[in-house]
Amino acid sequence: MTDISWLAVPDEQSAPEGVRKLWQKSEANLGFVPNVFRAQALNGEQFLAWWAYFNLLVNKDGHLSPADREMLAVVVSGVNRCVYCEVSHGAALRSYVNDPLRADTIAVNWRHARLGAREATMCAYAEKLTLRPAEMTQEDLGPLREVGLDDHAILELVQVVGMFNLTNRVSSALGFKPNAEYHSQSR
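Small disclaimer: the values here were computed from a predicted structure and weren't measured.

### What to know about the side chain of Asn 179
- Within the fold, Asn 179 resides in the loop between helix H9 (151-173) and helix H10 (180-184).
- The exposure class of Asn 179 is buried, given its relative accessible area of 6%.
- A polar side-chain atom of Asn 179 sits 3.0 Å from the main-chain carbonyl oxygen of Val 33.

### Examining the packing of aromatic side chains
- Under the defined criterion, the tally for this structure stands at nine aromatic pairs.
- With centroids separated by 5.8 Å and ring planes inclined at 25 degrees, the aromatic side chains of Trp 51 and Phe 54 adopt a geometry described as stacked. Of the two residues, Trp 51 and Phe 54 both sit in helix H3 (residues 44-59), three residues apart, roughly one turn of that helix.
- Measuring from ring centre to ring centre gives 6.2 Å for Tyr 84 and Tyr 182, while their planes differ by 80 degrees; the resulting arrangement is edge-to-face. Placement of the pair is Tyr 84 in helix H5 (residues 83-97) and Tyr 182 in helix H10, with a sequence separation of 98 residues. Exposure class is identical for Tyr 84 and Tyr 182. Each is buried.
- An aromatic cluster of three or more residues is present, and its members are Phe 37, Phe 47, Trp 50, Trp 51, Phe 54 and Phe 164.

Definitions and limits used
Residues numbered from 1 in each chain as written. Predicted model: local features only at pLDDT ≥ 70, side-chain atom pairs only at ≥ 80, totals over all residues. Heavy atoms only, no water. Helix = DSSP H or I, 4+ residues; strand = E, 2+ residues; numbered from the N terminus. Buried < 20%, exposed > 50% of the residue type's maximum accessible area, 1.4 Å probe, protein only. Polar contact = N/O pair within 3.5 Å; in protein donor to acceptor, adjacent residues only side chain to side chain. Phe/Tyr/Trp six-rings, centres within 6.5 Å; stacked < 30°, edge-to-face > 60°.

Spelled out as structure tokens, the structure:
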């Protein structure tokens, strides 16, 4: 056990080259290496494959805004009570909405955040999909369409929710600890 994971965490010498390059890029861009990058590096190829999809889905231009994606991340992570993702993506949401109180309220209970119809509908859908996936029906898409989401945006929303359900489970099951830097970002 380490202080960031309940499993062994590779160091610079034992991490695969591709992982080390990502760590260096993170250090240069963020000023630190996210603990999730270190903790998942134990299985380097799987981590890099996860990162490639996560990065494409969450960090690249898509059909949802970055703020929308981070809002979905914190709603799903809050429902799942995933400390790592709630803290790290809460920091990202604060940076996108430029309102720490609003972002923190979304993270704790989105219903109290005075969201617009579009945001509230997306959060309700994400919450249902996270808690009761077997109950999803075609009718659940209607409210999303009514607030202006097209099929591309709906698919991306579902993929983001799915990604965070996966990542929340990995992070929680292995005790990933968020970096201290996240707690003070964008406050």
